[in-house]
Amino acid sequence: MADSKKRLLTYAGLKALEDELENLKVVKRKEVAAKIKEAREQGDLSENAEYDAAKDEQRDIEARIEELEGILKNAEVVVEDEVDFDKINVGCTIKVYDITFEEEMEFKIVGSTEANSLEGKISNESPVGQALIGKKVGDVVDVETQAGVNQYKVLDINRSM
């Protein structure tokens, strides 16, 4: 079973997943049930596009609920107050200097479930995340990416906000 591996989450990530699960179970299930009921009342289900769409939505909601329950069942929460800020770990916000592109970057190291590059959250399992875990301020790391090898110098390690 693929979902049996431990999923690292920050407390904020855990809370977001719990909130999404609650919303799906309490709000979305009722909404889709009402859509199905309304579509049924229109008569012939064999050519009823609203009924088919509502059933598809119901299937998607139930699949997401199952996925979230699997993630939460195997979640391991990183207690950010206990993270050692001498070294990079999950739950840290770090500032690095990209030597290859000559620019400073800041991102948060999170578990793979929370990763979102648009929000500056990178997975501990990504090439950059894996290369940086355990490094200290001043360390230079080579990261093998799809674009080639990039070099990063660790400038700062902080507790996440």
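Residues numbered from 1 in each chain as written. Predicted model: local features only at pLDDT ≥ 70, side-chain atom pairs only at ≥ 80, totals over all residues. Heavy atoms only, no water.

## Quick look at the overall build of the protein
The condition is simple: Secondary structure elements follow DSSP: runs of H or I no shorter than four residues count as helices, runs of E no shorter than two count as strands, and numbering proceeds from the N terminus. The atom set for the radius of gyration is the C-alpha atoms, and the globule formula is 2.2 Å times the number of residues raised to the power 0.38. The rule is simple: take the accessible area with a 1.4 Å probe, protein chains only, and divide by the maximum for that residue type; under 20% is buried, over 50% is exposed, in between is partly exposed. Between two residues, a contact is recorded if the distance between any of their heavy atoms is within 4.5 Å. Here, Shrake-Rupley sampling with a 1.4 Å probe gives the accessible areas, and only protein chains in the shown set may cover a residue. The charge count treats Lys and Arg as positive and Asp and Glu as negative. His and the chain ends do not count. To locate a charge, the coordinates of NZ of Lys, CZ of Arg, CG of Asp or CD of Glu are taken.
The secondary structure content of the protein amounts to 3 helices and 7 strands. Taking 161 residues into account, the globule formula puts the C-alpha radius of gyration at 15 Å, and the protein, at 21 Å, lies well above it. Each principal axis of the C-alpha distribution contributes one length, and for the protein these read about 70 × 35 × 30 Å. A burial count over the protein gives 33% of its 161 residues as buried. Residue pairs at least 24 apart in sequence account for 54% of intrachain contacts in the protein once pairs closer than 6 positions are excluded. Counting every atom, the protein has about 9,900 Å² of accessible surface; 48% of that belongs to carbon and sulfur. For the protein, the separation between the mean place of its 23 positive charges and that of its 37 negative charges on side chains is 5 Å.

## Points about the layout of surface pockets
Let me state the cut-off plainly: Buriedness for pockets is judged along seven lines, at least five of which must meet protein on both sides within 12 Å for an open set on the 1 Å grid over protein atoms alone, while cavities are sets there where a 1.4 Å probe fits but cannot get out, and lining residues have an atom within 4 Å of a point. Grid points are joined across faces, edges and corners, and a volume is the space filled by probe spheres set on the points. Each residue gets one label: Ala, Val, Leu, Ile, Met, Phe, Trp, Tyr, Cys and Pro are nonpolar, Asp, Glu, Lys and Arg are charged, and the others, such as Gly, are polar.
When its volume is computed, the largest pocket comes out at roughly 160 Å³. If you go around the largest pocket, the residues you meet are Thr10, Ala12, Gly13, Ala16, Leu17, Arg64, Thr113, Glu114, Glu119 and Lys121. The leading source of residues in the lining of the largest pocket is helix α1 (residues 11-40), at 4 residues. For the lining of the largest pocket, a count of residues per class yields 3 nonpolar, 3 polar and 4 charged.

## Details of the sheet that holds strand β5 (residues 121-123)
Convention followed: Should DSSP find at least two bridges between two strands, the strands are taken to pair. Here the axes come from fitting lines to C-alpha atoms, over the contacting stretch only for helices, and the angles between their N-to-C directions go from 0 to 180 degrees.
Within the open sheet, the 5 strands sit side by side as β5-β4-β3-β7-β6. Their pairing is mixed. Each having just a single partner strand, β5 and β6 (140-145) make up the two edges of the open sheet. On average, each strand axis in the sheet is tilted by 45° relative to the strand beside it, whichever way the strands run. Here β6 pairs with strand β7 (residues 148-159) via 6 bridges, running antiparallel. When the bridges of β7 are listed, aspartate 142 appears paired with glutamine 151.

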